[in-house]
Amino acid sequence: MQTIILQNLSKTYSGGRQAVRQISLALDPGEVYGFLGPNGAGKTTTVKLLNGTLTPSGGSCRVYGIDPSAEPAKAHAHTGVVTEHAQMYDNLTGIENLLFYASVFGLSPSDSRTRAAALLRQLDLKDAADKKLSAYSTGMRQRLSLARALIHRPEVLFLDEPTSGLDPESAQNVNQMIRDLAETEGITVFLCTHQLRYAQEVCTRYGLIDEGRLLASGTLHELQKAIMPELPLIVRAEHMPHRLPFQQAGGENIYQASIRTEDEIPSLVRQIIEGGGDVYSVEVKHPSLEEIYFTLTRDRKRTENAEKTPGIQQAREEGKERTI
Amino acid sequence: MNHAITAVIKKDFRGITANRRLFLSLLIVPIVLTVFLPGMFITIAHFMPEDEDLQMLLELLPRSSWASTMELTVTGLIFNNILPVFFLMIPIMASSIMAASSFVGEKEKHTLETLLYSPLTLGQIFQAKILASFLMSMTVSLISFVVMLTVVELEVFLLMGTLLLPSANWPVILLLLSPAVSMIAVTLIVRGSAKAQSVEESQQGAVFMIIPVLLLIVGQFTGVLLVSLWILLGLSLLCVLLALFLLKKAAGRFTYEMLLQ
């Protein structure tokens, strides 16, 4: 069963701003889906739509088979949510906060205690368990929020910028935990972030969003293929045979050729050696998530400008006619 | 009652008692109204001179209010006609502090959003919040009554050597009018909470509810208005109906979108 399904999901706010425009996608259990885009791209709005705290203006979505806008409370029983704005109680300690949410989610007192203690240990908060939340640092709060979202063993986890405010070591621990949750417990993770490098470390599939539109969706390999059908192969070699399709690139003895798949590499290297060349290094330049994102947004803007330009020219011409 | 709703109510109670500033503001008004003012009134009644004009004024009162001495008549009048009205102010004040803190306070501190992501429906969250405020207000009222009764009876016994008998006004006020007024205050604050952005803003709204109660107190003092038991019963039933109506309407008008603005 697919855990999250979006079908032409759209949201237009009362002020007329289109935050989400016809997004369609489907996620399987155990996937860590990176929903990536800059601030204001529509990521948080999508999370709110998937949790039923916002009602879609068009299209539909289902989480664990439930329509969240029709039955939000039922959907929440299967989901855990970490967002910047979902805070906990400053006057309660870390463990008291977790126990409170555990009882709200219907866990028995003994199960709540065991679960809370395990999560605090896993997230390196054991020593701070009895401290009031008001004494927690931003990073500790963020980790406790993750513990709170996991307290009821959700099947779907929504994380909105989960590592903001975390030091590198904590961020690495959280990443590891997210990967483990997906791999061992089959939790579907819907992770929103604008930190593309961070996403590349943890996600199994990506959706790139800008101004409410889903620009592309797929695994890193699929996105790379879609953006760059031909990959640059960089070879450092001496006595490069002239008949081969390599061109000098940058420094001395650095050559570049375009290949469609990595399967072409052994044959090319063999040809260099057979032609009398000495190979020192071979590297395929895969575009990073950042490069893919910027290429996609640039392409979209170019298309939009091209669409707008005839209209502008026409308007200018009409203006001229009027002034004449 | 749902286990989760009980958890929210307990948490809200703790939120008030753990916050020294809120807890003090919750205690000050009841202490003034149930310890200082009654103590002062009874002392004045005891030490006031036997004045003929006052005697004539007291004779205008219904015979049932008369006691063996003028001092006891005045004390009885204060105890059975003026002090009960204080028990309308106490629940309004207590419920407004509690409702504002438990609802608007949660919105202000962004903890409401976390609660909205729980398996509780909006209706259940409202139910928990309204119940918590109502229970807190009733607890404060009942404790205040016990404290006031102890203070008044002790003082009357020490000064006048007798005890006062509470009139039928008391059960009507404590068990009917006071809960109804408290519920009206809670539902009005909760209704206003979607728009209010701060606890102070929401509490200011409740101040307007105190005005009719103040008028009632002034009326009782000056003798312009002497509320009889039947009027009190009628007024109480009216307030109960209004409270039930407001309660039914309160939760229905909210959506997640409105609360997260």
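Applying the stated criterion to the full structure yields ten salt bridges over all chains. We note a salt bridge from K74(A) to E71(A), for which the minimum N-O separation is 3.6 Å. Note on K74(A): relative accessible area 48%, which makes it partly exposed. By relative accessible area, which is 36% here, E71(A) ends up partly exposed. Note that R153(A) and D111(A) form a salt bridge whose closest N and O atoms lie 3.5 Å from each other. On the criterion of sequence distance, the pair formed by R153(A) in the loop between α5 (138-150) and β6 (156-160) and D111(A) in helix α4 (residues 109-122) is long-range, its members being 42 residues apart. Assessed through its relative accessible area of 42%, R153(A) is described here as partly exposed. Residue classification places D111(A) among the partly exposed positions, given a relative accessible area of 26%. Connected through salt bridges with shared partners, the residues K11(B), D12(B), E106(B) and K129(B) form a single ionic network.

Turning our attention to the sheet that holds strand β13 (residues 278-284) of chain A. Residue and element names in this part refer to chain A. Pairing is antiparallel in the open sheet, where four strands are placed in the order β11-β12-β10-β13. A single partner strand is all that each edge strand has here, and the edge strands are β11 (247-248) and β13. Pairing of strand β10 (residues 231-238) with strand β12 (residues 254-259), which is carried by six bridges, proceeds in the antiparallel orientation. Considered in β12, the bridge of I234 is made with Q256. Contacts from helix α9 (residues 264-274) reach β10, β12 and β13, with the element oriented near 160° to β13.

Now for the packing of aromatic side chains. All names here are of chain A. Under the criterion given, the structure shown has 13 aromatic pairs over all chains. Geometrically, the ring pair formed by Y33 and F190 is stacked, given 5.9 Å between the ring centres and 25° between the ring planes. Of this pair, Y33 sits in strand β3 (residues 32-36) while F190 is found in strand β7 (residues 188-193), placing the two residues 157 residues apart along the sequence. In this structure Y33 comes out as buried when scored by relative accessible area, which is 0%. The exposure class of F190 is buried, given its relative accessible area of 0%. An aromatic cluster is defined as three or more aromatic residues linked by ring pairs; in this entry it consists of Y33, F35, F158 and F190.

In this section: the confidence of the model for chain B. For chain B, the mean per-residue pLDDT works out to 81, and 79% of the residues sit at or above 70. Ranking the helices and strands of chain B by mean pLDDT puts helix α5 (residues 111-116) of chain B first, with 92, and helix α8 (residues 199-222) of chain B last, with 63.

Below, the discussion takes up the pairing of β12(A). Residue and element names in this part refer to chain A. Burial of β12 is one-sided: the residues Y255, A257 and I259 facing one way are buried, the residues I254, Q256 and S258 facing the other way are not. Alignment of β11 against β12, held across two bridges, turns out to be antiparallel. Counted as the bridge partner of Q247 is Q256 from β12. Here β11 hands over to β12 after five residues, with G250 in that stretch at a positive phi of 65°.

In this complex, chain B contributes 24 residues to the contact, which on the side of chain A involves 28 residues. When chain B packs against chain A, the two sides together hide about 2300 Å² of surface, and 65% of this comes from carbon and sulfur. We note a salt bridge from E96(A) to R14(B), for which the minimum N-O separation is 3.1 Å. Scanning the region where chain B abuts chain A turns up eight residue pairs in polar contact (both at pLDDT 80 or more). When residues of the side of chain B that touches chain A are traced back to their parent elements, those giving at least two are α1 (3-17), α5 and α10 (256-259) of chain B. Here the residues of the side of chain B that touches chain A are counted per class, giving eleven nonpolar, seven polar and six charged.

How two helices sit against one another is set out by the angle between their axes and by the gap between those axes. Residues and elements named next belong to chain B. As a packed pair, helix α4 (residues 70-108) and helix α6 (residues 122-160) sit with axes 8 Å apart at the nearest point and diverge in direction by 155°. In this view, α4 runs roughly antiparallel relative to α6, as classed from their interaxial angle. In this structure, the crossing between α4 and α6 has a hand that is right-handed. Tallied by class, residues from the contact of α4 with α6 come to 21 nonpolar, seven polar and three charged.

Turning next to a nonpolar patch on the surface. Residues and elements named next belong to chain B. A surface patch of nonpolar side chains, amounting to about 600 Å² of accessible area, comprises F23, L24, L27, I28, I31, V32 and F36. Here I31 is to be found in helix α2 (residues 20-47). Residue classification places I31 among the partly exposed residues on the basis of a relative accessible area of 39%.

A word on the pairing of β7(A). All names here are of chain A. The buried fraction of β7 amounts to six of the six residues, a majority that puts the element mostly inside the structure. The alternating pattern of β7 places T188, F190 and C192 on one face and V189, L191 and T193 on the opposite face, and all of these are buried. Taken together, β6, helix α6 (residues 168-185) and β7 form a β-α-β motif whose crossover is right-handed.

With that settled, consider the nonpolar core. One finds L146(A), L157(A), I178(A), L83(B) and F87(B) to be the most contacted residues of the largest nonpolar core, which totals 128 residues. Among the elements that take part in this core, α4(B) stands out by supplying 19 residues, more than any other. For L157(A), the contacting residues outside a window of four places in its chain are G80(A), L146(A), A149(A), L150(A), L181(A), I187(A), T188(A), V189(A) and F190(A). Formed by 25 residues, the second largest nonpolar core is a distinct cluster that contains V20(A), L54(A), V63(A) and F158(A).

All names here are of chain A. The six strands are arranged β5-β6-β7-β3-β8-β9 in an open sheet whose pairing can be described as mixed. Sheet topology places β5 (79-82) and β9 (213-218) at the edges, where each strand pairs with a single neighbour. The average angle at which neighbouring strand axes cross in this sheet is 15°, direction not considered. Of the pairings in the sheet, the one linking β3 to β7 comprises five bridges and is parallel in character. Counted as the bridge partner of V32 is V189 from β7. Against the sheet, helix α1 (residues 43-50) engages β3, β5, β6, β7 and β8 (205-210), with an angle of about 150° to β7. Helix-sheet contacts for helix α8 (residues 220-227) involve β8 and β9, and the interaxial angle to β9 is about 115°.

Conventions and cut-offs
- Residues numbered from 1 in each chain as written.
- Chains lettered and ligands numbered in written order.
- Predicted model: local features only at pLDDT ≥ 70, side-chain atom pairs only at ≥ 80, totals over all residues.
- Heavy atoms only, no water.
- Salt bridge = Lys/Arg side-chain N within 4 Å of Asp/Glu carboxyl O.
- Buried < 20%, exposed > 50% of the residue type's maximum accessible area, 1.4 Å probe, protein only.
- Helix = DSSP H or I, 4+ residues; strand = E, 2+ residues; numbered from the N terminus.
- Pairing = 2+ DSSP bridges.
- Contact = heavy atoms within 4.5 Å.
- Axes fitted to C-alpha atoms, helices over the stretch in contact; angles between N-to-C directions.
- Phe/Tyr/Trp six-rings, centres within 6.5 Å; stacked < 30°, edge-to-face > 60°.
- pLDDT = per-residue confidence, 0-100.
- Buried area = accessible area lost by both parts, 1.4 Å probe.
- Polar contact = N/O pair within 3.5 Å; in protein donor to acceptor, adjacent residues only side chain to side chain.
- Nonpolar A, V, L, I, M, F, W, Y, C, P; charged D, E, K, R; others polar.
- Parallel < 35°, antiparallel > 145°, perpendicular 65-115°, else oblique.
- Left-handed = near helix turned anticlockwise from the far one by under 90°.
- Patch = residues over 30% accessible without salt bridge, like charges linked within 9 Å, V, L, I, M, F, W, Y side chains within 5 Å.
- Areas by Shrake-Rupley, 256 points an atom, 1.4 Å probe, with all protein chains shown as cover.
- Right-handed = clockwise from strand over helix to strand, strands pointing away.
- Core = buried A, V, L, I, M, F, W, Y, C linked by side-chain atoms within 4.5 Å.

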